[in-house]
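Residue-level listing of the chains:
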Amino acid sequence: MDNPSVMINSTQTLAVDHAWMRRALELAARGTARTSPNPLVGALVVKDGKSIGEGFHTYDGRKHGEVIALEQAGNAARGATLYLNLEPCCHTGRTGPCTESVIRAGVTRVVAAMSDPNPQVSGKGFELLKAAGIEVSVGECAEEARRMNEPFARFITSGVPLVTLKAAMTLDGKIAAPDDNSGWITSEAARAHVQQLRHAQDAIWTGIGTVLADDPMLTDRSGDPRRRPLLRVVMDSHLRIPLTAKMLSEVHGDLMIMCAASADPAKRRALEQRGVEVIVAPSAGGDNARPGLHAVLEELARRQMTSVMIEAGAALNGAALEAGIVDKIFFYYAPKLLGGDDALPAVGGRGIRAMRDALAVKNVRHQQFGDDFAIEGYLKDVYGNH
């Protein structure tokens, strides 16, 4: 028969670990838009039921979250528990191995939400801690921790950024009315959440059709700090963007237009004079063809961008899905109906011709925004587990 006192102690330990890991995740979230291409890491040192050191990583700050927390705790860290949302690194990059700092600090227990998806680290950090006599517990709040660092995971395992397809539509899947498209589809609450999504991205990707139809700015209006500007990427094969477009009114090294080799050189010079970076993207279809979507991802990867969100119209949405570059979707729905053949659908193109071949969206989550709701789900395993 199980010992009741042991079961109670185990339950209490799990509850305590959960509470402190929630704090580690809160700390990690403070690094949103400030750590890329590194992961979000939050850590705290707990002793006698109290937090005696806390830290979170920022790229410019260089030090990792656990190192900051341990330095804050000082000698009191000896015999304490270290909580963090990601396995401590065990290799030398911009900083030395965090495992050495953890071992040297004298903590007796490490509680981590998940292992590091970086192949250089994955599991090796934990093994070094165990070899040093430190108790290691892994898995508390694992799902939330994985979602938090999925851009880093996608980038470090595949070499390309995480691609999220975002769209706002009516219940019947329409994103624009055929005659008068003034006004918003979704509520203010849903639109505010879009700004949170944008803030967490390294880049926003749209097509010239959306620029011509909506004249958007596509900026991060969250007001929260970020390490580098949100890069706005526009697919514009023939450089049709008007020089009066709103997004050209404020350019601070954050606007990149991908065009074809046949684009007007004079228009290109005019855009570059306004600070726009114009890139002739390679295409498999010849000089006059549209820039290839994979070329955009390669360019973003070269810049160490770990995440990009597509905010576009039916054409680019459909092309991205057809090209197989979309990792996840975030679709907002408003309780409205447009109907008709002329209203624009969220996804265009030829589409999938047989129901058995429909793309499966997995690990679906629902969120409510007043009367609106959103569906978040995955087309790929962004952690590379196949």
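Because the structure is predicted, anything quoted here is derived from the model rather than measured. (Residues numbered from 1 in each chain as written. Predicted model: local features only at pLDDT ≥ 70, side-chain atom pairs only at ≥ 80, totals over all residues. Heavy atoms only, no water.)

The subject of this paragraph is the overall build of the protein. Helices and strands together make up the secondary structure of the protein, namely 11 helices and 16 strands. Taken along its principal axes, the extent of the C-alpha atoms in the protein is 70 × 45 × 35 Å. Taking all 386 residues of the protein together, 49% fall into the buried category. Residue pairs at least 24 apart in sequence account for 72% of intrachain contacts in the protein once pairs closer than 6 positions are excluded. For the protein, the computed accessible surface area is about 18700 Å², with 51% contributed by carbon and sulfur atoms. Treating the 43 positive side-chain charges of the protein as one cloud and the 45 negative ones as another, the clouds have centres 3 Å apart. (Helix = DSSP H or I, 4+ residues; strand = E, 2+ residues; numbered from the N terminus. Buried < 20%, exposed > 50% of the residue type's maximum accessible area, 1.4 Å probe, protein only. Contact = heavy atoms within 4.5 Å. Areas by Shrake-Rupley, 256 points an atom, 1.4 Å probe, with all protein chains shown as cover. Lys, Arg positive; Asp, Glu negative; His and termini not counted. Charge placed at Lys NZ, Arg CZ, Asp CG, Glu CD.)

A few words now on the layout of surface pockets. A volume near 1500 Å³ is recorded for the largest pocket. Lining the largest pocket are 44 residues, with Thr210, Asp214, Glu311, Ala312 and Gly313 positioned closest to its centre. In terms of residue count, helix 8 (residues 208–214) provides more of the lining of the largest pocket than any other element does, 5 residues in total. Taken together, the residues that form the lining of the largest pocket break down as 21 nonpolar, 12 polar and 11 charged. Put simply, the second largest pocket is a space of about 890 Å³. Along the wall of the second largest pocket there are 33 residues; nearest its centre are Thr32, Leu40, Arg147, Met148 and Ala200. Looking at the lining of the second largest pocket, the elements that each hand over two or more residues are helix 1 (4–29), helix 5 (142–148), helix 6 (150–158), strand 6 (162–170), helix 7 (188–199), strand 13 (328–334) and strand 15 (362–369). When grouped by side-chain class, the residues that make up the lining of the second largest pocket number 13 nonpolar, 13 polar and 7 charged. (1 Å grid on protein atoms, 1.4 Å probe; cavity = no way out; pocket = protein on both sides within 12 Å on 5 of 7 lines; lining within 4 Å. Points joined across faces, edges and corners; volume = space filled by probe spheres on them. Nonpolar A, V, L, I, M, F, W, Y, C, P; charged D, E, K, R; others polar.)

On to the sheet that holds strand 3 (residues 81–84), then. The strand order 2-1-3-4-5 describes an open sheet built from 5 strands, whose pairing is mixed. The open sheet terminates on both sides in strands that have one partner only, identified here as strand 2 (50–56) and strand 5 (135–138). Each strand of the sheet is rotated relative to its neighbour by a mean of 15 degrees, with strand direction disregarded. By the bridge criterion, 4 bridges tie strand 1 (residues 42–47) to strand 3 in an arrangement that is antiparallel. (Pairing = 2+ DSSP bridges. Axes fitted to C-alpha atoms, helices over the stretch in contact; angles between N-to-C directions.)

Side chains of a nonpolar character, in soluble globular proteins, are inclined to be buried together. Counting residues in each nonpolar core, the largest one holds 33 residues, and the members touching the most others are Trp205, Val233, Met258, Leu300 and Ile310. Considering every element that reaches this core, the biggest residue donor is helix 10 (residues 293–302), with 5 residues. For Ile310, the residues in contact, after removing those within four places along its chain, are Val163, Thr164, Leu165, Lys166, Trp205, Leu316, Asn317 and Ala320. Formed by 27 residues, the second largest nonpolar core is a distinct cluster that contains Leu239, Leu271, Val276 and Tyr332. (Core = buried A, V, L, I, M, F, W, Y, C linked by side-chain atoms within 4.5 Å.)

Following Ser36, the chain continues into Pro37 via a peptide bond in cis, with omega recorded as 15 degrees. The residue Pro37 is located in the loop between helix 1 and strand 1 in this model. Positive phi is not limited to glycine here, since Leu239 has a value of about 50 degrees. Its place among the elements puts Leu239 in the loop between strand 9 (231–235) and strand 10 (255–259). Even without glycine at this site, Asn363 takes up a positive phi of about 50 degrees.

Within the fold, Lys130 resides in helix 4 (residues 124–131). A residue is classified by how much of its surface remains accessible, and Lys130, at 45% relative accessible area, is partly exposed. Lys130 sits 76 residues away from Glu54 along the chain, and the two C-alpha atoms are 23 Å apart.

Within this structure, the stated rule accounts for 23 salt bridges. Measuring nitrogen to oxygen at the nearest pair gives 3.2 Å for the salt bridge that ties Lys166 to Glu311. Of the two residues, Lys166 is situated in strand 6 and Glu311 in strand 12 (residues 307–311); the sequence distance between them amounts to 145 residues. Overall, the relative accessible area of 12% leaves Lys166 in the buried class. The class of Glu311 is buried, set by a relative accessible area of 8%. (Salt bridge = Lys/Arg side-chain N within 4 Å of Asp/Glu carboxyl O.)

Hydrogen bonds between backbone groups are what pair the strands of a sheet, and the pairing can be parallel or antiparallel. Strand order in the open sheet made by the 9 strands is 11-10-9-8-12-6-13-16-15, with mixed pairing throughout. Bordering the open sheet on either side are strand 11 (277–280) and strand 15, each of which pairs with just one other strand. Within the sheet, the average angular offset between the axes of one strand and its neighbour, ignoring direction, is 20 degrees. Sheet analysis places strand 6 next to strand 12, joined by 5 bridges and oriented parallel. Bridging from a neighbouring strand, Lys166 pairs with Glu311 of strand 12. Its contacts with the sheet put helix 6 on strand 6, strand 12, strand 13 and strand 16 (372–378), and the angle it makes with strand 6 is roughly 135 degrees.

The subject of this paragraph is the side chain of Glu299. Position of Glu299 relative to the elements: it lies in helix 10. Of the residues examined, Glu299 reaches a relative accessible area of 13% and is grouped as buried. Only 2.6 Å separates the side chain of Glu299 from the side chain of Arg302, close enough to count as a polar contact. Setting aside its immediate chain neighbours within four residues, Glu299 contacts Met256 and Ile279. (Polar contact = N/O pair within 3.5 Å; in protein donor to acceptor, adjacent residues only side chain to side chain.)

This part takes up the environment of Ser51. Assignment of secondary structure puts Ser51 in strand 2. Distance in space between the C-alpha atoms of Ser51 and Leu82 is 9.6 Å, their sequence separation being 31 residues. Contact partners of Ser51, with chain neighbours within four places excluded, come to Trp20, Leu44, Val45 and Val46. At a separation of 3.1 Å, a polar atom in the side chain of Ser51 contacts the side chain of Glu54.

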